[in-house]
Structures are given as structure tokens and as C-alpha cells.
Amino acid sequence: MQILIVEDEKKVADFLVRGLRAEGYFIDWIADGSEAMGALIEQKPDLVILDRMLPKMDGLQICRLIRAQQLPVRVLMLSALAEVSDRVDGLRAGADDYLVKPFAFEELLARIEALSKRNPFTHIERKLIVGELELDLDTMQVKRSGNLLSLTAKELAVLELLMSSPQKVFSRERILATVWGINEDPLTNVVDVYIRRLRKKVDAPFNQNYIKTLRGIGYCLSAEI
Ligand code: CA
């Protein structure tokens, strides 16, 4: 399997090149985003590990070009940006997978293996489904009873957390820590505000409420009555 690494940070690139060569992959490395398309067309790698922030041409632009030109290459995007909206941007630009820096080398290997097994022309859907509610993890689109709901990035992040374990109760502190990265209680009601917004979009137009409040404990999502 041939892998092209597009990464401007020499330390990261060295680590990737050495580690992946030791695993038996054929590796090429370029640091300049503007050289990526030429290298892809010339070398026809099976996979490109594409850093998001690059000089001259960034990873998102390159990814869109790869898809626009229908190059048969899988794209694993790397980025220091961990926000849900950044992952969404990467996936919408056409990346097959997204890994946040710093990452464990073992995780990178596991993702490369998974991508190498995936036929680039058959798309495996990754979805969270609770009752009539559906969250597509590739496109971050949410549907209830087939109706597309329009959610902001933070609303999506809260919903993704609740949907990841239906019927599990999440405390406000846990939601704050996971979605906002705040670890001590800052005495804000931001979680309640977002739950209210989510309810308006996810529950109010439909005849059953999925988002439940457990007074004094937290919130959970369940399709059970
Ligand atoms: Ca970079």
C-alpha cells in the first residue's frame, strides 16, 4: 500500500514516515500543499494523510480538489482542530476519516487498516439511531422521521453525546466537560440553554419527547415512553 503524507511540520512528518515505513508501507512525503495535487496524480497513492493547515494550499482545498477530480484515493485528514464543526468541515470536504492531533500511533495504524479495507467506491454509513431520530456521523446531518433538522455545531455536539448512549443520564458537568471542555462548574446555565434549543428542534415539532430531564441529575435521550 502506498501512502502520500502531506504535512508541513517536519517533526510530525518524520515521525509518520519512520513509523509507517517500519510497518511496511511505501511512503512519500511532501511539505507544500501546492505540490499535493501534482504528487497525487503522478504517484497514484492508495491513501493520502493530509494535514489540514498547510502553507499555500490548505488541506480542505486539496480534499475538495481530490473529490472534484474524482481521484481514487482515500483521504485521512489530520488536524489540531478538535471542534465538531472542524470535523464536519473536513468530512464535508470529502475526507474519509479525520484524526485529531496529537494522536496515538496505534490509532493511526488502526484507521489506515480500516480505510485500506474499505472499497473507495462503496460507502459504509455510520449512523446513530434512536427511535425516529438519526444522526449521520459522516455528514453530521440529523433527521427525525425523515425530516432534515438544522442544528448548529454545538447543538450537534450535545445531541451526538446524548445519542451515543441512549437512556444513559449525562450530568450537566459531563456535558460541559465533553462539549465545551470546561472541567469545573462555572455556574453557567449554558447546558440548559442548549438543551432547550435542541428540544425546540428535535422534539417540539414531533409528537413524542426524546430528551428527558432528570431533575437534579441531568439529561438523557430515549425513545421509550
Ligand atoms: Ca500544519
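These numbers come from a predicted model, not from an experiment.

## A look at the domain arrangement of the protein chain
By domain assignment, the protein chain separates into domain 1 (2–116) and domain 2 (127–221). Computed from C-alpha atoms alone, the centre-to-centre distance between domain 1 and domain 2 is 31 Å. Between domain 1 and domain 2, the contact holds seven residues from the first and nine residues from the second. For the pairing of domain 1 and domain 2, the buried interface totals around 570 Å² over both sides, and the portion due to carbon and sulfur atoms is 53%. Of all residues in domain 1, Val84, Leu91 and Arg92 give up the largest surface area on contact with domain 2, accounting jointly for 59% of the area buried on that side. Seen at the junction of domain 1 and domain 2, the total is one salt bridge. Salt-bridge contacts for Glu160 lead to Arg87; the nearest nitrogen and oxygen are separated by 3.7 Å. At the boundary of domain 1 and domain 2, one finds one residue pair in polar contact (both at pLDDT 80 or more). Among the residues making up the side of domain 1 that touches domain 2, the classes are represented as three nonpolar, one polar and three charged.

## Notes on the coordination of the calcium ion
Looking at the calcium ion, the protein donor atoms are Asp8 (OD), Asp51 (OD) and Met53 (O), and they sit 2.1 to 2.3 Å from it. Binding-site remark: the calcium ion is held by donors from one chain whose sequence spacing is D-x42-D-x1-M. Of this pair, Asp8 sits in the loop between strand S1 (2–6) and helix H1 (10–22) while Asp51 sits in strand S3 (residues 47–51), and the two are 43 residues apart along the sequence.

## Considering the environment of Ile5
By the secondary structure assignment, Ile5 is in strand S1. For Ile5, a relative accessible area of 0% puts it in the buried group. Residues Ile5 and Asp28, spaced 23 residues apart in sequence, show a C-alpha to C-alpha distance of 6.1 Å. With residues up to four places along the chain from it excluded, the contact list for Ile5 reads Leu16, Val17, Leu20, Ile27, Asp28, Trp29, Ile30 and Ile49.

About the criteria used
Residues numbered from 1 in each chain as written. Predicted model: local features only at pLDDT ≥ 70, side-chain atom pairs only at ≥ 80, totals over all residues. Heavy atoms only, no water. Domains from an automatic or database assignment. Contact = heavy atoms within 4.5 Å. Buried area = accessible area lost by both parts, 1.4 Å probe. Salt bridge = Lys/Arg side-chain N within 4 Å of Asp/Glu carboxyl O. Polar contact = N/O pair within 3.5 Å; in protein donor to acceptor, adjacent residues only side chain to side chain. Nonpolar A, V, L, I, M, F, W, Y, C, P; charged D, E, K, R; others polar. Donors = N, O, S within 2.8 Å, 3.2 Å for Na, K, Ca; no water. Helix = DSSP H or I, 4+ residues; strand = E, 2+ residues; numbered from the N terminus. Buried < 20%, exposed > 50% of the residue type's maximum accessible area, 1.4 Å probe, protein only.

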